[in-house]
Amino acid sequence: HRKIAASIPAILKCQYLQTLNLSGCVFDNVAYHELVSIGSPKLTDLNLSNIRLPGTEGLGSLIAACTGLTRLNVSRPYEPYALFMKADRTILPSLVNCVRLTALNLGGCGFIGDDDLVRLTNIFHMQILELRLSGCSISDDGLSNLAFGRIGPVAILDVSWCLSIT
């Protein structure tokens, strides 16, 4: 992992920046809160996979500050049968602000379960085209709810390593 440079928050001020990949970055409190305070409604593609945040911070406040997103990746390395995983319960509520989102990668987020899929169907009404749930804790019930929900005409669905699906 690489330590996030103090200059990264300034990058969000770039007038034409649409895609930002912060995969694997490690934030300190100052840099993270500066990123959140700046936000960027012009960003359309944000990759926060394998990101490390200070203390108990969640990604939700940063995601909510980027209201123009069409693609979001918050995936983590998949660890089957992991006994401990930091659950970031701020991610799903923050998606309410991302009304243009068409691609969402929650791969490896083992804390995402069937109830969370119901929340997703309530947030997105006929929009998501690509949904990656590899390694999430969803079952046949969650998959059924997704199929009959209002999440949209999903063209790409990844449920690999969802070990509760039969």
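**Student:** Honestly, the packing of helix α5 (residues 114-123) against helix α6 (residues 140-148) in this entry has me stumped. Any pointers?
**Tutor:** Each packed pair of helices is defined by two parameters, the angle between the axes and the distance between the axes. Packing of α5 against α6 leaves a shortest axis separation of 8 Å and a crossing angle of 10°. Considering the angle they form, α5 stands roughly parallel to α6. Across the interface between the two elements, D114, L117, V118 and T121 of α5 pack against D141, G142, L143, N145 and L146 of α6. For the contact of α5 with α6, a count of residues per class yields 4 nonpolar, 3 polar and 2 charged.

**Student:** How do you make sense of the side chain of S94 when you look at a structure like this?
**Tutor:** Here S94 shows up in helix α4 (residues 91-94). In this structure S94 touches G60, I63 and A64, once residues within four positions along its chain are discounted.

**Student:** So what exactly am I meant to see when it comes to the sheet that holds strand β2 (residues 19-21) here?
**Tutor:** Spatially, β2-β4-β5-β6-β7-β8 is the arrangement adopted by the 6 strands of the open sheet, whose pairing is parallel. Among the strands making up the open sheet, the edge pair consists of β2 and β8 (156-158). Averaged over all pairs of adjacent strands, the angle between their axes in this sheet comes to 5°, without regard to strand direction. Here 3 bridges tie strand β5 (residues 71-73) to strand β6 (residues 103-105), and the two strands are oriented parallel to one another. Opposite R71, over in β6, you have A103 as the bridge partner.

**Student:** Help me understand the state of the cysteines in this model?
**Tutor:** What is meant by a disulfide is a covalent connection between two cysteines, made through their sulfur atoms. This structure, assessed with the given rule, holds 0 disulfides. Lacking any disulfide linkage, C98 is separated from the closest cysteine sulfur, that of C66, by 7.6 Å. Among the residues examined, C98 registers a relative accessible area of 0% and is labelled buried. C136 forms no disulfide, and the closest cysteine sulfur to it belongs to C162, at a distance of 5.6 Å. Taking relative accessible area as the criterion, C136 reaches 3% and is therefore assigned buried.

**Student:** Before we go on, may I ask you to explain the pattern of salt bridges in this structure?
**Tutor:** Oppositely charged side chains can pair when the atoms bearing their charge come close. Counted under the stated rule, the structure contains 6 salt bridges. Where R71 meets D45, a salt bridge forms, and the shortest distance between an N and an O atom there is 4.0 Å. Taken as a pair, R71 in strand β5 and D45 in strand β4 (residues 45-47) lie far apart in primary sequence, 26 residues in all. By relative accessible area, which is 36% here, R71 ends up partly exposed. Looking at D45, the relative accessible area reads 22%, which means it is partly exposed. The partner of R71 in a salt bridge is E130, and the shortest N-O contact between them spans 3.3 Å.

**Student:** Would you take a moment to explain the environment of H33 for this structure?
**Tutor:** Relative to the assigned elements, H33 resides in helix α2 (residues 29-38). Its relative accessible area of 39% is what places H33 among the partly exposed residues. Linking H33 and E57, residues 24 residues apart in sequence, is a C-alpha distance of 9.7 Å.

**Student:** Whenever I open this one, the nonpolar core confuses me. Can you help?
**Tutor:** Among soluble globular proteins, nonpolar side chains are generally buried collectively. Counting residues in each nonpolar core, the largest one holds 39 residues, and the members touching the most others are F27, L48, I63, L69, L72, L104 and L106. Going through the elements one at a time, α2, α3 (60-64), α4 and α5 are the ones with two or more residues in this core. Broken down by element, the residue count for this core peaks at 3 residues, all from α2. Non-local contacts of I63, meaning those with residues more than four positions away in its chain, are made with L48, L69, L72, V74, I91, S94, L95 and C98.

Calculation criteria
Residues numbered from 1 in each chain as written. Predicted model: local features only at pLDDT ≥ 70, side-chain atom pairs only at ≥ 80, totals over all residues. Heavy atoms only, no water. Axes fitted to C-alpha atoms, helices over the stretch in contact; angles between N-to-C directions. Helix = DSSP H or I, 4+ residues; strand = E, 2+ residues; numbered from the N terminus. Parallel < 35°, antiparallel > 145°, perpendicular 65-115°, else oblique. Contact = heavy atoms within 4.5 Å. Nonpolar A, V, L, I, M, F, W, Y, C, P; charged D, E, K, R; others polar. Pairing = 2+ DSSP bridges. Disulfide = S-S within 2.5 Å. Buried < 20%, exposed > 50% of the residue type's maximum accessible area, 1.4 Å probe, protein only. Salt bridge = Lys/Arg side-chain N within 4 Å of Asp/Glu carboxyl O. Core = buried A, V, L, I, M, F, W, Y, C linked by side-chain atoms within 4.5 Å.

Remember that the coordinates give geometry; whether it matters functionally is a separate question.
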